[in-house]
Amino acid sequence: MIHFLLRGLLAVAIIAAGLVVGEQLRASREQLATGQAASATTGPATPSPVPTATPAPKPSQASSQPSTPTRTVVPTPITTPFTGVKTLLTGTVTKGGAPVRGATVMIYPSDSSNHGPTPVPPETGKAMTDDRGSYHVALPPGTYRVGAFRDYGNPSTDFGDGFTWVTWYGDGFVIGLGKDLVVSGTSAVADIALLPSLKIAGRVVGRDGVGVPDAQLVLWRYVSGIQFPFGGGTTDFAGRFSLSHVAMSVTLGIQTNGKTGASGTTIDLDLRADRTDLLVTVDRGNIVTGILRDAAGKPLADTNFGVVPTDTQFACGWCNGRSDASGRFTISLPTTTVRFRNWAMNAGDPDLLSPEYVISGDQTLDPMLKAH
């Protein structure tokens, strides 16, 4: 899972630090919706088992490699058409006491598939809040989980005002870990308060104290033996990082390139307040800096690029970066021979590739990319 947080993809989608973050949760909803558990009556052709007696192991703190977050599939609820009288569910979505306009309210049936950090389609109802933060939606009588998203496509986004994620009716806790809402009669009320966000910040360095650029970070948590991703990001040119999350226990995984292969670690965090003092040490690769240029020597500004080892037996899944407005970049690379290439973002963008460069130790070079 950490692999899909490629820096280039983060720009496309936060490693899409863009990674992305919201796509991770959407992917988990879609995958969980098509999954099968041992108790399901129907399911896909190739089922994945659900752990029962032995839950999935939790990664130990500061292990040599972060565990790649995986999702064990759970049953899709079976629904039947409802033709009776529905209940009108109303409520208000707020943040810090102020109404939230344009929030998406999603209602899911409450069953075992929806008691993890990521809800599972199909939803039973959906509504949008008005200028007063109010919403209403008609539902069949039943038991539900109700959540509010300001950006349903990317619910992990911190909007810069100290509030993030989605809350569920009952105790205002993060995604799916709240209480059930029983809907019956002619009307019901579910007021939802968005959660305050906490900052997770620090620096990733090598054992010599040198900052590691473009290290990939991801947050996750085990719930009922299932490992769920919560988004992530990447370090800057000096190894600094800053993420946002809510108050809960999570694992922070860090992955980067060592001199001979992937390198990383994990840290268990019990978030109760901001954590801005984290110092993470890894076996770093070679720090390469320079200016990305085209065939005419012109700097390639704001360009997503990747580095491909010439030795096809050498994996370099995290060898991705982005140049700044002047074409300058900083990246951590293994000791090997590589070619630089751009990641075309739009139809018609040229496909560019550099000559071979030998990477050995920290160094400065200006890769020249040309059409091939």
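Being a predicted model, the structure only gives us computed values, none of them experimental.

## A few points about the overall build of the protein
Right, so step 1: Scanning the protein from terminus to terminus reveals two helices and 29 strands.
Right, so step 2: Across the 372 residues in the protein, those meeting the buried criterion constitute 50%.
Right, so step 3: A total of about 16400 Å² of accessible surface is found on the protein, and carbon and sulfur atoms cover 53% of it.

## Points about the environment of Ala325
Right, so step 1: Relative to the elements of secondary structure, Ala325 occurs in the loop between strand 23 (320-322) and strand 24 (328-333).
Right, so step 2: By relative accessible area, Ala325 is classed as exposed at 63%.
Right, so step 3: Between the C-alpha atom of Ala325 and that of Thr303, which follows or precedes it by 22 residues, the distance is 8.7 Å.
Right, so step 4: Here Ala325 is in contact with Ala301 and Asp302, once residues within four sequence places are set aside.

## Quick word on unusual backbone geometry
Right, so step 1: The backbone phi angle of Asp214 is positive, close to 55°, even though this residue is not glycine.
Right, so step 2: Mapping Asp214 onto the fold places it in the loop between strand 13 (198-206) and strand 14 (216-223).
Right, so step 3: Under the relative-accessibility criterion, Asp214 is labelled buried at 6%.
Right, so step 4: Notably, Asp302 is not glycine yet its phi reads approximately 45°, a positive angle.
Right, so step 5: Assignment of secondary structure puts Asp302 in the loop between strand 21 (293-294) and strand 22 (304-309).
Right, so step 6: The exposure class of Asp302 is partly exposed, given its relative accessible area of 43%.

## Focus on the side chain of Arg284
Right, so step 1: By secondary structure assignment, the location of Arg284 is in the loop between strand 19 (275-282) and strand 20 (286-291).
Right, so step 2: Judged by relative accessible area, which is 11%, Arg284 ranks as buried.
Right, so step 3: Looking at Arg284, its side chain comes within polar contact range of the side chain of Asp362, at 3.0 Å.
Right, so step 4: With near-sequence residues (within four places) excluded, Arg284 lies in contact with Gly206, Asp208, Val210, Val212, Asn257, Gly258, Lys259 and Asp362.

## Let's talk about the sheet that holds strand 28 (residues 363-364)
Right, so step 1: As summarised here, the arrangement of the three strands in space is 24-20-28, forming an open sheet in which the pairing is mixed. Each of the sheet's edge strands pairs with one partner strand only, and the pair in question is strand 24 and strand 28.
Right, so step 2: Across six bridges, the pairing between strand 20 and strand 24 is antiparallel. Its bridge partner lying in strand 24, Val288 is registered against Ile331.

## Observations regarding the sheet that holds strand 18 (residues 262-270)
Right, so step 1: The strand order across the open sheet built from four strands is 15-14-17-18, with neighbouring strands paired in antiparallel fashion. Each having just a single partner strand, strand 15 (226-234) and strand 18 make up the two edges of the open sheet. On average, adjacent strands in this sheet sit at an angle of 25° to one another, irrespective of strand direction.
Right, so step 2: Pairing analysis gives five bridges linking strand 14 to strand 17 (residues 249-257), with the strands arranged antiparallel. Its bridge partner lying in strand 17, Leu217 is registered against Ile254.

## A closer look at the packing of aromatic side chains
Right, so step 1: Enumeration according to the criterion identifies four aromatic pairs in this entry.
Right, so step 2: Seen in terms of ring centroids, Phe305 and Phe329 are 5.3 Å apart; in terms of plane orientation they differ by 70°. Their pairing is edge-to-face. Highlighted residues: Phe305 in strand 22 and Phe329 in strand 24, separated in sequence by 24 residues.
Right, so step 3: For the ring pair Phe305 and Phe340, a centre distance of 6.0 Å and an interplane angle of 35° mean the geometry is tilted. One end of the pair, Phe305, is in strand 22; the other, Phe340, is in strand 25 (residues 336-342), and 35 residues separate them in sequence.
Right, so step 4: The exposure class of Phe305 is buried, given its relative accessible area of 0%.
Right, so step 5: Taking the relative accessible area as the measure of exposure, Phe340 reaches 0% and is therefore buried.
Right, so step 6: Three or more aromatic residues link up through ring pairs in this structure, and these residues are Phe305, Phe329, Phe340 and Tyr357.

## What about the environment of Thr251?
Right, so step 1: Take Thr251: it is sitting in strand 17.
Right, so step 2: Taking the C-alpha atoms as reference points, Thr251 and Ile267, 16 residues apart in sequence, are found 5.7 Å from one another.
Right, so step 3: Polar contacts involving the side chain of Thr251 include one to the side chain of Asp268, which spans 2.9 Å.

## Some remarks on the confidence of the model for the protein
When pLDDT drops low, the exact placement of atoms in the prediction is not to be read closely.
Right, so step 1: For the protein, per-residue confidence averages 77 on the pLDDT scale, and residues scoring 70 or more make up 71% of the total.
Right, so step 2: A low-confidence stretch, residues 1-79 stays under pLDDT 50, and its non-local contacts, those more than four residues away or across chains, total 213 contacts.

## Thoughts on the side chain of Asn320
Right, so step 1: Tracing the chain through its elements places Asn320 in strand 23.
Right, so step 2: Engagement of the side chain of Asn320 in a polar contact is seen with the side chain of Trp343, the distance being 2.7 Å.

## Brief notes about the nonpolar core
Right, so step 1: Counting 22 residues, the largest nonpolar core has Ile200, Val204, Phe241, Leu252, Ile254 and Leu269 as the members making the most contacts within it.
Right, so step 2: For this core, the secondary-structure elements that each account for two or more residues are strand 13, strand 14, strand 16 (240-245), strand 17, strand 18 and strand 19.
Right, so step 3: When neighbours within four sequence positions are excluded, Phe241 is seen to be in contact with Ile200, Ala201, Gly202, Arg203, Val204, Leu217, Thr234, Thr235, Leu252 and Leu278.

## Section: the pattern of salt bridges
Right, so step 1: For the structure on display, the rule yields 13 salt bridges.
Right, so step 2: Residue Arg145 pairs with Asp180 through a salt bridge whose shortest N-O separation is 2.6 Å. Residue Arg145 is located in strand 6 (residues 142-149), and its partner Asp180 is located in the loop between strand 8 (167-168) and strand 9 (181-183); the two are separated by 35 residues in the primary sequence.
Right, so step 3: For Asp270, the salt bridge is made with Arg272, and the minimal N-O distance between the two is 2.8 Å.
Right, so step 4: Take Arg272: its relative accessible area is 67%, and that puts it in the exposed class.

What counts and what doesn't
- Residues numbered from 1 in each chain as written.
- Predicted model: local features only at pLDDT ≥ 70, side-chain atom pairs only at ≥ 80, totals over all residues.
- Heavy atoms only, no water.
- Helix = DSSP H or I, 4+ residues; strand = E, 2+ residues; numbered from the N terminus.
- Buried < 20%, exposed > 50% of the residue type's maximum accessible area, 1.4 Å probe, protein only.
- Areas by Shrake-Rupley, 256 points an atom, 1.4 Å probe, with all protein chains shown as cover.
- Contact = heavy atoms within 4.5 Å.
- Polar contact = N/O pair within 3.5 Å; in protein donor to acceptor, adjacent residues only side chain to side chain.
- Pairing = 2+ DSSP bridges.
- Axes fitted to C-alpha atoms, helices over the stretch in contact; angles between N-to-C directions.
- Phe/Tyr/Trp six-rings, centres within 6.5 Å; stacked < 30°, edge-to-face > 60°.
- pLDDT = per-residue confidence, 0-100.
- Core = buried A, V, L, I, M, F, W, Y, C linked by side-chain atoms within 4.5 Å.
- Salt bridge = Lys/Arg side-chain N within 4 Å of Asp/Glu carboxyl O.

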